[in-house]
Amino acid sequence: MFAMRVFSTVLGLRRRFWSWIATGAARENAVIGQRTKFGAGAEIFNIRGDRSRVLIGADSHLDGHLQVFAHEGRIKIDDWFYLGPGSTIWSSDPVGIKIGKRVHVSWGVAIHDTNSHPMDPQKRFAQMQAIFREGHPRIDPGIRSAPITIGNDVWIGNSAMIMKGVTIGDRAIISAGSIVRSNVPADALVRPADLVK
């Protein structure tokens, strides 16, 4: 029994240590509100290098990945936000992604305001070569993007995808596995079956 308590204590200390490291690293890449913490696997990949392009409110906990592209992108998250493990928020849009208060994003969710790569195969290959050789290009290589707005008190279930150009109204619930390509009104419940036309 004593050995189990010691083991649990050591695991808890390890988790707190890696969270402290991840939170410190996040502060180098974003403006972060009071009491906001990052889990051991969380990270911000701010390729642009401008901290003001990633704003995260107070009292939040992030276990996922945020990314702002080198040529453009913005992420603004309000207070009391949760981002689950394996979830990604990527922005290359000039307006970017805006997320309201008390939003809960489960694990494995993708919120992307960008296609990430050009649609044209030659431009896509040129972008890939540039990334391999010099890093992400600071000039837009022809990536399609459109802003995303997520209202207050929204819950997004595991493995959902929120695509570019979408607005989700306050208090909406996006069920697990949903792929959201069009606007969602306030108080709506979206299920994968609802999205099949």
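The sections below set out a description of the structure shown in this document. (Residues numbered from 1 in each chain as written. Predicted model: local features only at pLDDT ≥ 70, side-chain atom pairs only at ≥ 80, totals over all residues. Heavy atoms only, no water.)

Some remarks on the pairing of strand 9 (residues 88-91)
Bridge analysis of strand 6 (residues 65-68) against strand 9 gives four bridges, and the strand direction is parallel. Residue Q67 lies in a different strand from strand 9, and its bridge partner there is W90. One ladder, built from three bridges, connects strand 9 with strand 12 (residues 110-112); its direction is parallel. Looking at strand 12, one finds that I89 is bridged to I111. (Pairing = 2+ DSSP bridges. Helix = DSSP H or I, 4+ residues; strand = E, 2+ residues; numbered from the N terminus.)

Some words on the sheet that holds strand 16 (residues 167-168)
With parallel pairing, six strands are arranged side by side in an open sheet as 1-4-7-10-13-16. Sheet topology places strand 1 (31-32) and strand 16 at the edges, where each strand pairs with a single neighbour. As judged from the three bridges shared by strand 10 (residues 97-99) and strand 13 (residues 148-150), these two strands associate in the parallel manner. What sits directly across from K98, in strand 13, is T149.

Thoughts on the pairing of strand 3 (residues 43-46)
Residues I44 and N46 point to one face of strand 3 and are all buried, whereas E43 and F45, pointing to the other face, are not buried. Bridge count for strand 3 against strand 6 is four bridges, and the pairing is parallel. Paired with F45 across the bridge in strand 6 is Q67. (Buried < 20%, exposed > 50% of the residue type's maximum accessible area, 1.4 Å probe, protein only.)

Notes on the environment of T88
Structurally, T88 is set in strand 9. Distance in space between the C-alpha atoms of T88 and H65 is 4.8 Å, their sequence separation being 23 residues. What T88 contacts, discounting residues up to four positions off in sequence, is H65, V109, A110, I111 and H112. Of the polar contacts made by the side chain of T88, one reaches the side chain of H112; its length is 2.8 Å. (Contact = heavy atoms within 4.5 Å. Polar contact = N/O pair within 3.5 Å; in protein donor to acceptor, adjacent residues only side chain to side chain.)

As for the environment of R171
With respect to the element layout, R171 can be found in the loop between strand 16 and strand 17 (173-174). For the pair R171 and P121, spaced 50 residues apart in sequence, the C-alpha to C-alpha distance is 40 Å. Beyond its immediate sequence surroundings of up to four residues, R171 is in contact with N152, D153, V154, A186 and D187. Engagement of the side chain of R171 in a polar contact is seen with the side chain of D187, the distance being 2.6 Å.

Thoughts on the sheet that holds strand 15 (residues 161-162)
Ordered by their spatial adjacency, six strands build an open sheet running 3-6-9-12-15-18, and the pairing between neighbours is parallel. Two strands in the sheet have a free side with no partner beyond their single neighbour: strand 3 and strand 18 (179-180).

Thoughts on the nonpolar core
Core analysis: the biggest nonpolar cluster contains 37 residues, and L66, I89, I111 and I156 have the highest contact counts within it. Among the secondary structure elements, those contributing two or more residues to this core are helix 1 (2-29), strand 4 (54-56), strand 6, strand 7 (75-77), strand 10 and strand 13. The contact partners of L66, leaving out residues within four places of it in the chain, are E43, I44, F45, V54, I56, I75, I77, L83 and I89. (Core = buried A, V, L, I, M, F, W, Y, C linked by side-chain atoms within 4.5 Å.)

Quick notes on the pattern of salt bridges
A complete count under the given rule lists six salt bridges for this structure. Two residues, D59 and R35, come together in a salt bridge whose shortest N-O distance is 2.6 Å. Placement of D59 in the loop between strand 4 and strand 5 (61-62) and of R35 in the loop between strand 1 and strand 2 (37-38) is noted, with a sequence separation of 24 residues between them. Its salt-bridge partner being K101, residue D78 comes within 3.4 Å of it at the nearest N-O pair. Separated by 23 residues along the polypeptide, D78 in the loop between strand 7 and strand 8 (82-83) and K101 in the loop between strand 10 and strand 11 (104-105) bring together distant segments of the chain. The partly exposed category is assigned to K101, whose relative accessible area is 30%. One network of salt bridges, with partners in common, ties together D50, R53 and E72. (Salt bridge = Lys/Arg side-chain N within 4 Å of Asp/Glu carboxyl O.)

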